[in-house]
Structures are given as structure tokens and as C-alpha cells.
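Report on the structure
Residue strings, one per chain:
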Amino acid sequence: GATAAWYALYLGVAALVLWFRILAPVRLNLRHRLRVESVHQEAPGVWSIVVHGRELDRLGARPGQFFRWRFLAEGLRWTSTPYSLSAPPRRDRMRITVKALGDHSTAVALLRPGTRVWAEGPYGSLTGDRQTSPKSLLVAAGVGITPLRALFETLPGDVTLLYRARTAEDLALGGELEALARWRGAKVLYALNGPDGRRPNLTAPSLRSAVPDLAGHDVYICGPHGFARDLYEELRAAGVPDSRIHHESFEL
């Protein structure tokens, strides 16, 4: 009986790997025929890539989610890397925004229109489905703005975005954020280094001062792991319940 159970477990894992890592991606890419449509710079070292395809609404992708992307170009075809959608997905196109942090992300800026794209996903749960309050605070650091920019456009209710960056020149997608804020009557706040390079302190008192009724907000966080961890502790100290703090972090 134990032998049969172990065989069943092995076969079950093999079936899941076969479906989710091979058959489902093949089906997705044959159906949607993804290709790079355009590449343009958003900020120093930050690039947006628009991907065109067929019937992309059938993917079921939501703002806040990510795909694993494989660009079939020289030097990139053997690497699959996760990048979040930086705008709500449309019927015929999706967009990601990438910061040059390594060889792969740097090479993405050199992609040419027409390059074939292989994608797996969508993945991730940093979506509007987790919203429990009519008020939301989105806190992004650096390139963590990408999934939160998509949520900033689509989350219902009263939404405030707090964007942490070193300088004003490092604010990727800043023009879009300002336009979205005007369109939906939302707020955009910036936490930039001072003239002497000193970092602003995102503490419980400063967060409560910037966002009235902070404890009544859902808070979405995206940024480097250390930033997300420290901010989580400050939010808890400010009275935000654990169930209302939703985060996704990445390592630099």
C-alpha cells in the first residue's frame, strides 16, 4: 500500500509538471501568437515592452499579476524571467516595464519589434480580489511600481499611491500616474531622497499623517524584500490589520 501511494504521488507530480510547464504553455503560445510590438524608455535604465497577440482576454490575466517571459532573440531565448504587467491587459496587447538590473533585463531594451515571445502564466495574487475596504493605499518602491500602476487604474473606491524612488528622474511611468490620478480623482504621493541623499522615513507616524484613516485601508506593497518587510512592520504599528496588508517583494 505504501509503495502504491508513493507511485501515485510521483505520477501526480509528473502529470502536474507535464501540464503546467509544457502542455499549457504550448497551448497558450500557439493560440495567442505573442510578438514584441514596441520598446520605449520610461526612465534611466527602465524600459516598457508592449507585446501584441490574439484574443489575449482569454488568458484571464488581471492587473497586479505577472507572466514568465521568454523572448526568442539572441542571448534571451534560453531564459524565462518573471515580469509584472504594468498596465491592465487589453484584448490584443499587454505591457511590461523592466528595470536593467542584470544581463537579461538589460538586453530586453534591445528587443526589436516582431520578436517572438513565449509566455507562461498568469501568476500572482496581488489583485483587486484581495480588496476588503473601499479605501486602498498602494506603496511602490523602484520598479515595484509596475503591478501597482495597473492596480492604480483599476481598483475601485478611494485610492492613494505612494511611490518611493531615489530622485524625480527615477520615477518610471510618472506621467501616466499623474494622468490617472486626475482622471479618477486619486492621490499620488512621492517619497524621494533629499538633496543630501538622505532617505525619507516611512514610519507609522508619517504614514498616518500622509494617509488619514490608514487603519481602514487595504495596503498593497511591491518593492525589494527589505523595503516590504520594514514597511509591513510600520503598517502594523500604525494599526493596519494583517489581513489588509497585501504584498509582493523581489530581490535586487
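The text that follows walks through the structure, step by step, so that each part is easy to find.

The rules we used
Residues numbered from 1 in each chain as written. Predicted model: local features only at pLDDT ≥ 70, side-chain atom pairs only at ≥ 80, totals over all residues. Heavy atoms only, no water. Helix = DSSP H or I, 4+ residues; strand = E, 2+ residues; numbered from the N terminus. Buried < 20%, exposed > 50% of the residue type's maximum accessible area, 1.4 Å probe, protein only. Contact = heavy atoms within 4.5 Å. Pairing = 2+ DSSP bridges. Salt bridge = Lys/Arg side-chain N within 4 Å of Asp/Glu carboxyl O. Expected span 1.5 Å × (residues − 1). Bend = angle between axes of the 7 residues up to and from the residue. Axes fitted to C-alpha atoms, helices over the stretch in contact; angles between N-to-C directions. Parallel < 35°, antiparallel > 145°, perpendicular 65-115°, else oblique. Left-handed = near helix turned anticlockwise from the far one by under 90°. Nonpolar A, V, L, I, M, F, W, Y, C, P; charged D, E, K, R; others polar. Patch = residues over 30% accessible without salt bridge, like charges linked within 9 Å, V, L, I, M, F, W, Y side chains within 5 Å. Areas by Shrake-Rupley, 256 points an atom, 1.4 Å probe, with all protein chains shown as cover.

The helix and strand tally for the protein stands at six helices and 11 strands. The principal-axis extent of the C-alpha atoms belonging to the protein is close to 55 × 55 × 35 Å. Expressed as a percentage of its 252 residues, the buried residues of the protein come to 42%. Long-range pairs, those at least 24 residues apart, make up 69% of the contacts in the protein between residues at least 6 apart in sequence.

This paragraph deals with the pairing of strand β5 (residues 93-99). Along any regular strand the residues' side chains alternate between the sheet's two faces. Among the seven residues of β5, five are classified as buried, and the element is accordingly described as predominantly covered. Sheet analysis places strand β2 (residues 46-52) next to β5, joined by seven bridges and oriented antiparallel. The residue bridging S48 from the neighbouring strand is T97, located in β5.

Now for the side chain of S84. Following the sequence through the fold, S84 ends up in strand β4 (residues 81-84). Among residues more than four places away in sequence, those in contact with S84 are Q65, F66, R95, I96, T97, T146, P147 and E248.

Okay, the pattern of salt bridges next. Counting across every chain of the model gives 12 salt bridges. Put simply, R149 and E176 hold a salt bridge, and the shortest N to O gap is 2.7 Å. On the criterion of sequence distance, the pair formed by R149 in helix α3 (residues 145-154) and E176 in helix α4 (residues 174-184) is long-range, its members being 27 residues apart. Residue D230 pairs with R229 through a salt bridge whose shortest N-O separation is 3.5 Å. Given the relative accessible area of 45%, D230 is considered partly exposed. On the basis of relative accessible area, R229 is assigned to the partly exposed category, the value being 45%.

In this model helix α1 (residues 2-32) runs 43 Å from its N-terminal to its C-terminal C-alpha over 31 residues, within 8% of the 45 Å that 1.5 Å per residue would give. At W19, α1 shows its strongest bend, of approximately 35°. Within the sequence span of α1, burial applies to P25, L28, N29 and H32. Against the buried residues of α1 lie β6 (117-123).

All right, on to the packing of α3 against α4 then. Look at α3 against α4: their axes get within 10 Å of each other, and the N-to-C directions meet at 20°. It follows from the interaxial angle that α3 and α4 lie roughly parallel. Handedness of the crossing formed by α3 with α4: left-handed. Judged by residue contacts, I145, R149, L151, F152, E153 and T154 of α3 engage E176, L177, L180, A181, W183 and R184 from α4. By residue class, the composition of the contact of α3 with α4 is seven nonpolar, one polar and four charged.

In spatial order, the strands read β1-β2-β5; together these three strands make up an open sheet with antiparallel pairing. In this open sheet, the two edge strands, each paired with only one partner strand, are β1 (35-43) and β5. Averaged over all adjacent pairs, the angle separating strand axes in this sheet is 20°, with direction ignored.

The grouping of L16, L18, W19, F20, I22, L23, V26 and L30 at the surface amounts to a nonpolar patch, some 750 Å² of accessible area in total. Among the structural elements, W19 can be located in helix α1. In this structure W19 comes out as partly exposed when scored by relative accessible area, which is 41%.

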